[in-house]
Amino acid sequence: MVKENLENVENNIKLACEKSGRDMKDVTLIAVSKTKPNELVMEAYETGIRDFGENKVQELVRKCEELPKDIRWHMIGHLQTNKVKQLLGNTVLIHSIDSIRLADTIDTEARKKNIHVDGLLEINVAKEASKYGFVEEELEEVLPLFGRYKNLHIKGLMTIAPNVDDAEDNRKIFKKLKKLSVDISEKNYDNIEVKFLSMGMTGDYMVALEEGANFVRVGTGIFGKR
């Protein structure tokens, strides 16, 4: 099942890239393996997938210990400050930096461990009360603060779009994040590089790709419903 699902997802990525005149090589598919057993993760691994996303620190750390060492683990869920120490060193990218308090904690803990940490700023584009992240109006005040960090490096933006029946309804969200990334890039903030756009999940990743995503986070589309 996983192998067939992955073939389908990868074919969809190819179609979306062709439609938008992009190179498929510029896109990273993150297989969202939260709550999935190691056996299912290994099925995806055996097809060549190396990027996996987890929502909970404890589960990510456990899988990191138990599964092949060449897997690149992405933290895609809300990260509590008291879990930062446990996470650092186990993840290639933290997609969900959603507050200055969290950024402060990551930089402090990374300095203690003498490691460098790459992260994405989570932007609550749709301004949903149930979602974490910075809103557009506070970015001008917030972004200069990231210049003070020595061990945390911002590499792009992430958003979680609303849960909709029609993926087209989220096109405006993805367009907005892309525009924000261009605006931020032009302002040349210290320690902020807008290299990655993490947007799009099972229901809307093709639309996200057409609007510039280079990380898509697909769980149900690969592993089936929980």
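On a predicted model such as this, the values are computed, not experimentally measured, just so you know.

Our focus in this paragraph is the overall build of the chain. For the chain, the helix and strand inventory stands at nine helices and eight strands. Whereas a compact globule of 226 residues would reach a radius of gyration of roughly 17 Å, the chain reaches 17 Å, a difference of no more than 12%. By principal-axis analysis of the C-alpha atoms, the chain measures approximately 45 × 40 × 30 Å. The burial tally for the chain puts 50% of its 226 residues in the buried class.

Moving on to the UniProt feature "domain: Alanine racemase N-terminal" (unreviewed entry) in the chain. Under the UniProt annotation, "domain: Alanine racemase N-terminal" (unreviewed entry) lies at residues 5-225. End-to-end, the C-alpha atoms of residues 5-225 are 12 Å apart, and along that stretch the chain is 38% helix and 19% strand.

Time to look at the pattern of salt bridges. Scanning the model with the defined rule gives 21 salt bridges in all. For the salt bridge of Asp107 with Arg111, the shortest nitrogen-to-oxygen distance reads 3.3 Å. Here Arg111 and Asp107 lie together in helix α5 (residues 100-113), a separation of four residues that amounts to about one turn. Salt bridges sharing partners connect three or more residues here, namely Lys19, Glu168, Arg171, Lys175, Glu210 and Glu211.

A few words on the nonpolar core. Counting residues in hydrophobic clusters, the biggest one holds 67 residues, and the most contacted among them are Phe52, Ile106 and Phe146. Examining the composition of this core, we find that six residues originate from one element, helix α1 (residues 2-20), more than from any other. Here Ile106 is in contact with Leu79, Val84, Leu88, Ile94, Ile97, Val117 and Leu152, once residues within four sequence places are set aside. Listed in part, the five residues of the second largest apolar core include Ile30, Leu93, Leu120 and Phe215.

Burial along strand β8 (residues 215-218) is two-sided: Phe215 and Arg217 and Val216 and Val218, pointing in opposite directions, are all buried. Judged from the four bridges that link them, strand β1 (residues 28-32) and β8 form a sheet pairing that is parallel. Across the sheet, residue Ile30 finds its bridge partner in β8, namely Arg217.

On to the side chain of Ser33. Counting through the fold element by element, Ser33 comes out in the loop between β1 and α2 (38-46). In this structure Ser33 comes out as buried when scored by relative accessible area, which is 0%. Sequence-distant contacts of Ser33, defined by excluding residues within four places in its chain, comprise Val41, Phe52, Gly53, Glu54, Glu59, Lys63, Trp73 and Phe223.

Where strand β6 (residues 152-158) meets strand β7 (residues 192-198), four bridges bridge the pair, whose relative direction is parallel. When the sheet's bridge partners are listed, Gly156 is paired in β7 with Phe196. Remark: the β6/helix α7 (residues 171-186)/β7 crossover connection has right-handed handedness.

Checked against the element boundaries, Ser198 lands in strand β7. With near-sequence residues (within four places) excluded, Ser198 lies in contact with His95, Leu120, Leu157, Met158, Thr159, Phe215 and Arg217.

The way to describe two aromatic rings as a pair is by their centre distance and the angle between their planes. The final tally for this structure, using the stated rule, is four aromatic pairs. Note on Phe196 and Phe215: the rings are 4.9 Å apart at their centroids and 50° apart in plane angle, and the pair reads as tilted. Of this pair, Phe196 sits in strand β7 while Phe215 is found in strand β8, placing the two residues 19 residues apart along the sequence. Three or more aromatic residues joined by ring pairs make a cluster, and in this case those are Phe134, Phe146 and Tyr149. The side chain of Arg50 reaches across the aromatic face of Tyr45, ending 3.6 Å from its centre.

This next bit is on the environment of Lys178. When you line up the elements, Lys178 lands in helix α7. Taking C-alpha positions, Lys178 is 26 Å from His116, a pair spaced 62 residues apart along the chain. Setting aside residues up to four positions removed in sequence, Lys178 forms contacts with Leu197 and Glu211.

As a further point, take the environment of Phe174. The topology assignment puts Phe174 in helix α7. Phe174 gets classed as buried once you look at its relative accessible area, which sits at 0%. Between the C-alpha atoms of Phe174 and Ile160, which are 14 residues apart in sequence, the distance is 9.6 Å.

Quick notes on the rules
- Residues numbered from 1 in each chain as written.
- Predicted model: local features only at pLDDT ≥ 70, side-chain atom pairs only at ≥ 80, totals over all residues.
- Heavy atoms only, no water.
- Helix = DSSP H or I, 4+ residues; strand = E, 2+ residues; numbered from the N terminus.
- Rg over C-alpha atoms; globule rule 2.2 N^0.38 Å.
- Buried < 20%, exposed > 50% of the residue type's maximum accessible area, 1.4 Å probe, protein only.
- UniProt positions renumbered as here; feature names shortened; annotations may be inferred.
- Salt bridge = Lys/Arg side-chain N within 4 Å of Asp/Glu carboxyl O.
- Core = buried A, V, L, I, M, F, W, Y, C linked by side-chain atoms within 4.5 Å.
- Contact = heavy atoms within 4.5 Å.
- Pairing = 2+ DSSP bridges.
- Right-handed = clockwise from strand over helix to strand, strands pointing away.
- Phe/Tyr/Trp six-rings, centres within 6.5 Å; stacked < 30°, edge-to-face > 60°.
- Lys NZ or Arg CZ within 6 Å of the ring centre and 35° of its normal.

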